[in-house]
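# Examining the three-dimensional arrangement
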Amino acid sequence: MTALTKAELAEKLFEDLGLNKREAKDMVDIFFDEIRDSLSRNEQVKLSGFGNFDLRDKRQRPGRNPKTGEEIPISARRVVTFKPGQKLKIRVEAYAGSQPQ
Amino acid sequence: MTKSELIERIVSRQPQLSAKDVELAVKTLLDHMSQTLSSGDRIEIRGFGSFSLHYRAPRVGRNPKTGETVELQGKFVPHFKPGKELRDQVNDSMAV
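Only a predicted model underlies this, so the values are computations on that prediction, with no experimental measurement involved. (Residues numbered from 1 in each chain as written. Chains lettered and ligands numbered in written order. Predicted model: local features only at pLDDT ≥ 70, side-chain atom pairs only at ≥ 80, totals over all residues. Heavy atoms only, no water.)

## Overview of the overall build of chain B
- The helix and strand inventory of chain B stands at three helices and five strands.
- When the helices and strands of chain B are read in sequence order from the N terminus, they spell out α-α-β-β-β-β-β-α.
- Whereas a compact globule of 96 residues would reach a radius of gyration of roughly 12 Å, chain B reaches 19 Å, over 25% beyond that.
- Principal-axis analysis of the C-alpha atoms gives chain B an extent of 60 × 35 × 30 Å.
- When burial is assessed residue by residue, chain B has 41% of its 96 residues classed as buried.
- When contacts within chain B are restricted to residue pairs at least 6 apart in sequence, those whose partners lie at least 24 apart make up 28%.
- When the accessible surface of chain B is split by element, carbon and sulfur atoms take 49% of a total near 5,600 Å².
- Distance between charge centres in chain B, computed from 15 positive and 12 negative side chains, equals 5 Å. (Helix = DSSP H or I, 4+ residues; strand = E, 2+ residues; numbered from the N terminus. Rg over C-alpha atoms; globule rule 2.2 N^0.38 Å. Buried < 20%, exposed > 50% of the residue type's maximum accessible area, 1.4 Å probe, protein only. Contact = heavy atoms within 4.5 Å. Areas by Shrake-Rupley, 256 points an atom, 1.4 Å probe, with all protein chains shown as cover. Lys, Arg positive; Asp, Glu negative; His and termini not counted. Charge placed at Lys NZ, Arg CZ, Asp CG, Glu CD.)

As structure tokens, this is what we get:
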């Protein structure tokens, strides 16, 4: 099983839409850059049909170094969560693969 | 930011492409990503993150209205793991 990468997404734009290779590559780069920049401005991203990228602020909590067992606090942080949209959830649920990953 | 705002922002950075082209490109990308996940494959975007499927085991659920029990089949759900660059960039924004 191979994973889909930016190179293949660009290839898809080249084949299906006839963008030239440069435009296709730039399009894919800018697509992910803009999503990342939006999230870095603490701005939620809502892509209808696909899903929402949300931001959550986590408070500091106690943690532990799993190797040494030493207690170290996990600092307060902001994290990205992805909530798949209804359409994507339904499409994925239909995947009949019997091999849990 | 919504999908249409994302399209506008891309158009402003790719002025040689029409808004129509960019809209079609964004739809194509999202559709291809959905397609990939629904055929059980992963997506790996360096610096952004990866999408994969997580398995949910079959369980006995309950109809919240009637209280009746229902057998729920095992299923797959999409999962996103942010990449290091995205994690760091987002976390740094909290300090600002």
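## Notes on the side chain of Glu 23 of chain A
- Checked against the element boundaries, Glu 23 of chain A lands in helix H2 (residues 21-40).
- Among buried charged residues, Glu 23 of chain A stands out as having no salt bridge; its nearest opposite-charge side chain is Arg 22 of chain A, 9.4 Å away.
- Those residues in contact with Glu 23 of chain A that lie beyond four places of it in its chain are Gln 14, Gln 16 and Leu 17 of chain B. (Salt bridge = Lys/Arg side-chain N within 4 Å of Asp/Glu carboxyl O.)

## Regarding the domain arrangement of chain A
Residue and element names in this part refer to chain A.
- The domain boundaries assigned to chain A delineate domain 1 (1-42) and domain 2 (43-94).
- Counting from both sides, the interface comprises five residues of domain 1 and, opposite them, eight residues of domain 2.
- Of the roughly 650 Å² buried between domain 1 and domain 2 on both sides combined, carbon and sulfur atoms contribute 60%.
- It is Ile 35, Leu 39 and Asn 42 that lose the most area in domain 1 upon contact with domain 2, and together they represent 76% of the buried surface on that side.
- Where domain 1 packs against domain 2, one counts one salt bridge.
- Residue Glu 43 pairs with Arg 41 through a salt bridge whose shortest N-O separation is 3.4 Å.
- Our count for the contact surface shared by domain 1 and domain 2 stands at two residue pairs in polar contact (both at pLDDT 80 or more).
- Of the residues that constitute the side of domain 1 that touches domain 2, the class distribution is two nonpolar, two polar and one charged. (Domains from an automatic or database assignment. Buried area = accessible area lost by both parts, 1.4 Å probe. Polar contact = N/O pair within 3.5 Å; in protein donor to acceptor, adjacent residues only side chain to side chain. Nonpolar A, V, L, I, M, F, W, Y, C, P; charged D, E, K, R; others polar.)

## Considerations on the interface of chain A and chain B
- Chain A puts 55 residues into the contact, and the matching count from chain B is 51 residues.
- A combined buried area of about 5,300 Å² lies between chain A and chain B, and 69% of that area is made up of carbon and sulfur atoms.
- Three residues stand out in chain A for area buried against chain B, namely Leu 4, Arg 36 and Arg 91 of chain A, and they jointly supply 13% of the buried area on that side.
- Notably, a salt bridge pairs Glu 85 of chain B with Arg 36 of chain A, separated by 3.6 Å at the nearest N-O pair.
- For the side of chain A that touches chain B, the secondary-structure elements that each account for two or more residues are helix H1 (6-17), H2, strand E1 (45-47), strand E2 (51-58), strand E5 (77-84) and helix H3 (86-93) of chain A.
- Looking at the side of chain A that touches chain B element by element, the count peaks at 15 residues for H2 of chain A.
- Its residues placed into classes, the side of chain A that touches chain B shows 28 nonpolar, nine polar and 18 charged.

## Quick look at the packing of H2 of chain A against helix H1 (residues 3-13) of chain B
- It is the contact of H2 of chain A with H1 of chain B, at a shortest axis distance of 10 Å, that shows an interaxial angle of 125°. Between H2 of chain A and H1 of chain B, the crossing angle belongs to the class labelled oblique. Note that H2 of chain A runs across H1 of chain B; the crossing there is right-handed. Contact residues: Met 27, Ile 30, Phe 31, Asp 33, Glu 34, Ile 35 and Ser 38 of chain A in H2 of chain A; Leu 6, Arg 9, Ile 10 and Arg 13 of chain B in H1 of chain B.
- A class-by-class count of the residues in the contact of H2 of chain A with H1 of chain B yields six nonpolar, one polar and four charged. (Axes fitted to C-alpha atoms, helices over the stretch in contact; angles between N-to-C directions. Parallel < 35°, antiparallel > 145°, perpendicular 65-115°, else oblique. Left-handed = near helix turned anticlockwise from the far one by under 90°.)

## As for the nonpolar core
- Of all hydrophobic cores here, the largest spans 42 residues; its most connected members are Phe 31, Ile 35, Phe 50 and Phe 53 of chain A together with Met 33, Phe 48 and Phe 51 of chain B.
- No other element matches H2 of chain A, which puts eight residues into this core.
- Residues in contact with Phe 53 of chain A, not counting those within four places in the same chain, are Ile 35, Leu 39, Gln 44, Val 45, Leu 47, Val 80, Thr 81 and Phe 82 of chain A together with Phe 48, Phe 51 and Phe 80 of chain B. (Core = buried A, V, L, I, M, F, W, Y, C linked by side-chain atoms within 4.5 Å.)

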